[in-house]
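Structure at a glance
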Amino acid sequence: MQITDTHLFSDPDGELLGIATWHSSRAVVDAMKEEQAGCDAILATGDLSQDHSPESYRHFARLMAELTPPVFWLPGNHDDAPVMQSELDAAGIGTAKHLLGEHWQVLLLDSQLHGKAHGSLGEAQLALLDQVLARYPRHHLLVAVHHQAVPVGCAWLDQHNLRNAGELQARLGRHPASRVVLCGHVHQGFDEVRDGIRYLASPSTCIQFKPLSDEFALDHTAPGWRALSLYPDGRLSTRVWRLPPDSFVPDFSARGY
């Protein structure tokens, strides 16, 4: 399962554009508990904090402790990576960035550029990708990264993308097995295949951005998360789950994020 963009504050009642993010995350985790049977891992794909506080990451760790599968994470543009690392390490949340199964491998890549809304994969991250592709060429590959690697159709969001997505795509294009790129950041569901690579994005546990909107706009859809099933032959089935409609309603008068 994937959980993303929780945007937690030190204050559990802290709000982002009208939604108290701890309370919406609390509701998502409660719903995830109902669906976690048979789940092998939870991928937390960044923007876990909104205010960079140690307490916000402690809130996240306590929520994750209620779920059975192990949790693996990467930072987003809103995260303070050193604070995040320290607090999640202290909570015993996994630090592994490469998960190897019998048929699939999962690689969590850090696209954060400090102080920037957009992202990029540094040389160390690209080297890690090269390494796992060379070592496990027959394993299907799911890459988790915070920033979107292809446009999602929102002009204001797509300027805050993964700037060197071409380097990722070129490497994946040479991989002979199945390839999937899973991201957060865009606060909406997205599922598209381009040049044989499947790109997925997922809803936030708090506010949702309106799809296909050139200007900043919030959506009426409820917070959610994504479930994924990976099959030995390289197939992937997935579903976006959401809380009931109108569970958490944002402030639609907001003009920016």
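Residues numbered from 1 in each chain as written. Predicted model: local features only at pLDDT ≥ 70, side-chain atom pairs only at ≥ 80, totals over all residues. Heavy atoms only, no water.

For the rest of this paragraph, the subject is the nonpolar core. By size, the foremost hydrophobic cluster in this structure holds 37 residues, and its most contacted members are Leu 129, Leu 168, Leu 172, Val 181 and Ile 207. Where this core is concerned, the elements lending two or more residues are strand E7 (104-109), helix H4 (123-135), strand E8 (140-145), helix H5 (155-158), helix H6 (165-173), strand E9 (179-183) and strand E11 (197-201). Here this core takes 4 residues from H4, the largest share from any one element. Not counting residues within four places of it along the chain, the set of residues in contact with Leu 172 comprises Leu 129, Leu 141, Val 143, Arg 179, Val 181 and Ile 197. (Core = buried A, V, L, I, M, F, W, Y, C linked by side-chain atoms within 4.5 Å. Buried < 20%, exposed > 50% of the residue type's maximum accessible area, 1.4 Å probe, protein only. Helix = DSSP H or I, 4+ residues; strand = E, 2+ residues; numbered from the N terminus. Contact = heavy atoms within 4.5 Å.)

This brings us to the packing of aromatic side chains. Taken as a whole, this structure holds 4 aromatic pairs when the rule is applied. Aromatic side chains Trp 156 and Phe 209 sit 4.9 Å apart centroid to centroid with 80° between the ring planes, which places their arrangement in the edge-to-face category. Of this pair, Trp 156 sits in helix H5 while Phe 209 sits in the loop between E11 and strand E12 (224-230), placing them 53 residues apart in sequence. Assessed through its relative accessible area of 1%, Phe 209 is described here as buried. A centroid spacing of 6.0 Å and a plane angle of 65° characterise the contact between Phe 209 and Phe 216, whose relative ring orientation is edge-to-face. (Phe/Tyr/Trp six-rings, centres within 6.5 Å; stacked < 30°, edge-to-face > 60°.)

Let us look at a negative patch on the surface. There is a patch of like negative charges on the surface, built from Asp 11, Asp 13, Glu 15 and Asp 251. Within the secondary structure, Asp 13 is located in the loop between strand E1 (2-3) and strand E2 (15-16). (Patch = residues over 30% accessible without salt bridge, like charges linked within 9 Å, V, L, I, M, F, W, Y side chains within 5 Å. Areas by Shrake-Rupley, 256 points an atom, 1.4 Å probe, with all protein chains shown as cover. Salt bridge = Lys/Arg side-chain N within 4 Å of Asp/Glu carboxyl O. Lys, Arg positive; Asp, Glu negative; His and termini not counted. Charge placed at Lys NZ, Arg CZ, Asp CG, Glu CD.)

Below, the discussion takes up helix H1 (residues 21-33). Between its first and last C-alpha atoms H1 spans 18 Å; for 13 residues at 1.5 Å apiece the expected length is 18 Å, and the two agree. As for H1, its buried residues are in contact with E1, E2, strand E3 (19-20), strand E4 (42-44), helix H2 (54-64) and E12. (Expected span 1.5 Å × (residues − 1).)

To continue, consider the pattern of salt bridges. Evaluated as defined, the whole model comprises 11 salt bridges. Between Arg 171 and Glu 167 there is a salt bridge, with its nearest N and O atoms 3.9 Å apart. One end of the pair is Arg 171 and the other is Glu 167, both in helix H6 and 4 residues apart, which spans about a single turn. Given a relative accessible area of 17%, Arg 171 falls into the buried group. With a closest N to O distance of 2.7 Å, Arg 198 and Asp 191 form a salt bridge. For Asp 191, a relative accessible area of 41% puts it in the partly exposed group. Connected through salt bridges with shared partners, the residues Arg 26, Asp 30, Lys 33 and Glu 66 form a single ionic network.

Let us now look at helix H3 (residues 81-90). Listed as buried for H3 are Met 84, Glu 87 and Leu 88. Buried residues along H3 cover an arc of 95° about the axis, so they all sit on one side. Within H3, the exposed residues directed more than 90 degrees away from the buried face are Pro 82 and Ala 90. In the core, the buried residues of H3 are packed alongside H2 and strand E5 (71-73). Positioned one or two residues after H3, Gly 92 has a phi angle of 80°, which is positive. (Arc of directions from axis to C-beta.)

Look at H2 against H3: their axes get within 9 Å of each other, and the N-to-C directions meet at 40°. By the angle class used here, H2 and H3 are oblique. In this structure, H2 crosses over H3, and the sense of that crossing is right-handed. Facing Pro 54, Tyr 57, Arg 58, Phe 60 and Ala 61 of H2, the residues of H3 in contact are Val 83, Met 84, Glu 87 and Leu 88. (Axes fitted to C-alpha atoms, helices over the stretch in contact; angles between N-to-C directions. Parallel < 35°, antiparallel > 145°, perpendicular 65-115°, else oblique. Left-handed = near helix turned anticlockwise from the far one by under 90°.)

Secondary-structure assignment places Gln 148 in the loop between E8 and H5. A polar contact is formed between the side chain of Gln 148 and the side chain of Asp 158, at a distance of 3.2 Å. Not counting chain neighbours up to four residues away, the residues in contact with Gln 148 comprise Leu 157, Asp 158, His 160, Asn 161, Leu 162, Cys 183, His 185 and Val 186. (Polar contact = N/O pair within 3.5 Å; in protein donor to acceptor, adjacent residues only side chain to side chain.)

What you tend to see is this: most non-glycine residues have negative phi, and most peptide bonds are trans. Even without a glycine there, the phi angle at His 52 is positive, about 65°. Structurally, the position occupied by His 52 is in the loop between E4 and H2. Positioned with a positive phi, His 185 is a non-glycine residue whose angle comes to about 75°. Relative to the assigned elements, His 185 resides in the loop between E9 and strand E10 (190-194). By relative accessible area, which is 6% here, His 185 ends up buried.

The sheet built from 6 strands is open, its strands ordered E6-E7-E8-E9-E11-E10 with mixed pairing. Looking along the sheet, the strands with just one partner apiece sit at the ends: strand E6 (98-100) and E10. Sheet twist, expressed as the mean angle between neighbouring strand axes with direction ignored, is 15°. Examined bridge by bridge, E7 and E8 share 6 bridges and lie parallel to one another. For Val 106, the partnering residue across the bridge sits in E8 and is Leu 142. Along the sheet, H4 makes contact with E6, E7 and E8, crossing E7 at roughly 175°. (Pairing = 2+ DSSP bridges.)

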